[in-house]
Amino acid sequence: MHDIKAVRADPAAFDAALARRGLPPQSAEILAADEVRRRNLADAQANQAEANRISKLIGQMRRAGQPTDELESQMRSFKDGQALWDRSAETADRQSKSLLEKLLPALPNTLDPDVPDGADESANVVLHTHGAARNYPFTPKQHFELGEALGLMDFGTAGKLAGSRFTVLRGALARLERALGQWMLNLHTEEHGYTECVVPYLVNDATMYGTGQLPKFGEDLFRTTDGRWLIPTAEVPLTNFVRGEITEAKALPIRLTALTPCFRSEAGAAGRDTRGMLRQHQFTKVELVSITAPDESAEEHERMTRCAERVLTDLGLTWRRVLLCAGDTGFGAAKTYDLEVWLPGQGTWREISSCSNCRAFQARRMDARFKVPGAKGTEFVHTLNGSGVAVGRALIAVMETYQDADGSVAIPEVLRPWMGGAERIGPAG
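Before going into details, it helps to say that this report is about the structure given with it. Counting of residues starts from 1 at the beginning of each chain's written sequence and follows it residue by residue. Owing to the predicted nature of the model, reporting of local features is limited to residues with pLDDT of at least 70; listing and counting of side-chain atom pairs is limited to 80 or more, with chain, interface and lining totals taken over all residues. Where side-chain values are given, they derive from all heavy atoms of the structure, hydrogens and water being excluded.

1. Some thoughts on the sheet that holds strand β15 (residues 378-380)
Worth spelling out the cut-off: At least two bridges found by DSSP between two strands are what make those strands a pair. Every helix listed is a DSSP run of H or I at least four residues long, and every strand listed is a run of E at least two residues long, numbered separately from the N terminus.
Across the sheet, three strands lie side by side as β8-β14-β15; this open sheet has mixed pairing. The sheet terminates laterally at β8 (246-247) and β15, the two strands that pair on one side only. When β8 meets strand β14 (residues 369-371), the two strands line up parallel, connected through two bridges. By the bridge assignment, I246 is partnered in β14 with R369.

2. Looking at the sheet that holds strand β13 (residues 348-359)
How we decide: Residue contacts are defined here by distance: any two heavy atoms, one from each residue, within 4.5 Å place the two residues in contact. Interaxial angle, 0 to 180 degrees, is taken between N-to-C directions of lines fitted to C-alpha atoms, where a helix line uses only the stretch in contact.
Spatial strand order, β1-β11-β12-β13-β16-β10-β9-β4: eight strands in an open sheet with mixed pairing. Edge positions in the open sheet fall to β1 (125-130) and β4 (195-196), since each of these has one partner strand only. The sheet contact formed by strand β10 (residues 282-292) and strand β16 (residues 382-390) spans seven bridges and is antiparallel. Along β16, the bridge assignment pairs V289 with N385. Together, β9 (254-263), β10, β12 (335-343), β13 and β16 form the strand contacts of helix α12 (residues 391-401), whose direction differs from that of β16 by roughly 35°.

3. Thoughts on the environment of T383
Keep this limit in mind: Burial classification: accessible surface area is computed with a 1.4 Å probe over protein chains only, and a residue below 20% of its type maximum counts as buried, one above 50% as exposed, and the rest as partly exposed. Polar contact is the term for a pair of N or O atoms within 3.5 Å; when the atoms are in protein, one must be able to donate a hydrogen and the other to accept it, and sequence-neighboring residues count only if both atoms are side-chain atoms.
Of note, T383 is situated in strand β16. Its relative accessible area of 0% is what places T383 among the buried residues. In this view, T383 contacts T239, S290, I291, S356, N357, C358, R359, Q362 and M366; residues no more than four positions away in its chain are not counted. In terms of polar contacts, T383 uses its side chain to reach the side chain of Q362, at 2.6 Å.

4. A few points about the side chain of Q26
With respect to the secondary-structure elements, Q26 resides in the loop between α2 (11-20) and α3 (27-63). Overall, the relative accessible area of 14% leaves Q26 in the buried class. With near-sequence residues (within four places) excluded, Q26 lies in contact with F14, D15, L18, L103 and L107.

5. Points about the packing of aromatic side chains
How we decide: Aromatic pairing here means that ring centres of Phe, Tyr or Trp (its six-membered ring) are within 6.5 Å. Orientation follows from the plane angle: under 30 degrees is stacked, over 60 is edge-to-face, and everything else is tilted.
Considering all chains together, one arrives at four aromatic pairs under this definition. Centroid distance Y136 to F138: 5.5 Å. Interplanar angle 70°. Geometry classified as edge-to-face. Relative to W349, the ring of W342 has its centre 5.4 Å away and its plane inclined at 65°; by these criteria the two rings are edge-to-face. A connected cluster of aromatic rings, assembled from ring pairs, spans F217, F331 and F361.

6. Some points on helix α10 (residues 297-314)
Put simply, the test is: By this rule, a helix spans an expected 1.5 Å times one less than how many residues it contains.
Its 18 residues place the ends of α10 26 Å apart at the C-alpha level, agreeing with the 26 Å of an ideal helix rising 1.5 Å per residue. G316 lies just past α10 and shows a positive phi near 75°.

7. With respect to the pairing of β9
In terms of burial, β9 is a largely internal element, seven of the ten residues being buried. Bridging between β4 and β9 involves two bridges; their strand directions are parallel. By the bridge assignment, E196 is partnered in β9 with T257. In terms of strand pairing, β9 meets β10 through ten bridges, oriented antiparallel.

8. A look at the side chain of S408
One can find S408 in the loop between α12 and β17 (409-410). In this structure S408 comes out as buried when scored by relative accessible area, which is 5%. Here D406 takes part through its side chain, which lies 2.7 Å from a polar atom of the side chain of S408. There is a polar contact of 3.0 Å between the side chain of S408 and the side chain of R424. Among all residues touching S408, those that are not within four sequence positions of it are L150, Y402, Q403, R424, I425 and G426.

9. A look at the packing of helix α7 (residues 171-190) against α10
Packed helices, taken two at a time, are described by the angle their axes make and the gap between the axes. Our working rule: Each angle receives one of four descriptions, namely roughly parallel if under 35 degrees, roughly antiparallel if over 145, roughly perpendicular if within 65 to 115, and oblique otherwise. Take the far helix as the reference: if the near one is turned anticlockwise from it by less than a right angle, the crossing is left-handed, and if turned clockwise, right-handed. Ten residue types, Ala, Val, Leu, Ile, Met, Phe, Trp, Tyr, Cys and Pro, are classed as nonpolar, four, Asp, Glu, Lys and Arg, as charged, and the remainder, Gly among them, as polar.
The interhelical angle for the contact between α7 and α10, taken along N-to-C directions, is 130°, at an axis separation of 11 Å. With respect to each other, α7 and α10 are oriented oblique. With respect to the hand of their crossing, α7 and α10 are arranged in right-handed fashion. Across from W183, M184, L187 and H188 in α7, the residues of α10 making contact are C307, R310, V311 and D314. Per-class residue counts for the contact of α7 with α10 are five nonpolar, one polar and two charged.

10. Things to note about the nonpolar core
Put simply, the rule reads: Residues belong to one nonpolar core when they are buried, are Ala, Val, Leu, Ile, Met, Phe, Trp, Tyr or Cys, and are joined through side-chain atoms within 4.5 Å.
The biggest cluster of nonpolar side chains holds 47 residues, and the ones touching the most others in it are L173, L176, L180 and M184. Counting only elements with at least two residues in this core, the list comes to α5 (143-150), α7, β10, α10, β12, β13, β16 and α12. No other element matches the eight residues that α7 contributes to this core. Leaving out residues up to four positions away in the same chain, L176 has contacts with L395, V398, L415, M419 and I425. Counting residues in each nonpolar core, the second largest holds 19 residues, with C197, L256, A258 and V289 among its members.

In C-alpha cells, the structure reads:
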C-alpha cells in the first residue's frame, strides 16, 4: 500500500515510480479523490465548530436571562441545512473512498533505486555464479524421465486423482523430498536463527490482503466454499503475525520459517512447463520471513539471500544470484534477488528461490508498526520474504545434477543421514 501523504508531497515522483513498472500516471485521479475526502472532512469540522459556537452562545444568553428565540431559529435552520449537506457529503465521501480503495491497493510497490530498468526477464542482471556445470559422459535426462524410469514418480496416478499439474512420489523419492524439507528447516533454525512455525494452510481475506495477494491476484488462488483461501506460500500467514500489532523495537528483527504445502492455480501458465514437477498446483516450500526496522531491512535482505544460497551450496548444486529488473519484480517487492539453479537435463537455469524486500508496502496494508526508541510515535516495520528453498525444485535439481548413466541418482552427502544412510536411489524393487 502506498502512503497518500507521499503522493500529495510529490505526485510527479509517484508517477515516475509507476512508469518504471510500465504503468500510466495515477496521481491525478488519486489526488482528486483524496481532495474530495479532505474537503468534506474540513467542511464537516467547520460545520460542527459553527454548531458548537451557536449552542454555546445560546447557553450564555439563557444564563444571562436574554431571549434566545432568534438564535434557536438560526440553529434549527443551520441543522436542517447541515442534514442536507451531510447526506450529499456522505455520498461524495463514499464514492471517493471507494475509488481510493480501488486505486491504491491495486498499485505495485515502489522500486528501490538500484533495481535496473527493463520490461522483462531479459533485463535481469546476473550478479554472481557459484560452481561450474558438470560435464556428463552421456546425455543427461530431465527429472521426469529419471523419475518415471525409476518407477518412483507417477504422473498418471496423480492425473487420475486430481488432474494435471500434480505428482505422486513413491519410495525413495518421496523420502528424498521429505529429507530435503526437514534438512532445510534444521539448517535455518539451528544455524541461521529462524524460529520454526506451524501455520494454518487456510486463511481469511484480511490475511491475503495484508501481503498483497488480494484483491489483485484472486484468480491465482484457490478458495474454499466457506470463503477461506489456500495459502500460495507460508509468507502469507507468517508475515501476518504482526498485522495490527505494535512491536517493541528490541524484538526486531523477527525471523520466522515454516515448511508448508503451497497451492497455486497457475492461472497464467497455460501451456508452460506442462511436463514434470516444475509448475504444480500443489508443492512444498520452506519459507523465510523477516520483520525488521526500516534501517535494517537492506542488510536483512542480503542476509536472507545468503541463507537461501547456503542451501544450494551445501547440496552441491550450480547456482547463480540474479537481480530482477523493474518489469520482472513482483507486485509487493521493492527489490528481489532470484536464485537460479542449473538443470543439466533441461540445459537451462531455473528459479529455485526468490528473496524480496517489501519495505513498508505490506506493513501499511497490515497496519504493522514498531515503537521507535526515544520517540513518542510509531513507524511501519519492513517485511521481507524468501524461499529457503522450494523443495520440489530442489528435488528436481538434485535428481538432474546427481544422475548417472544407468538412471540412478546419487544422494548428496548432507541428505544421507535423513535417508537412512543410503547413498543412491535406484529403480523401485
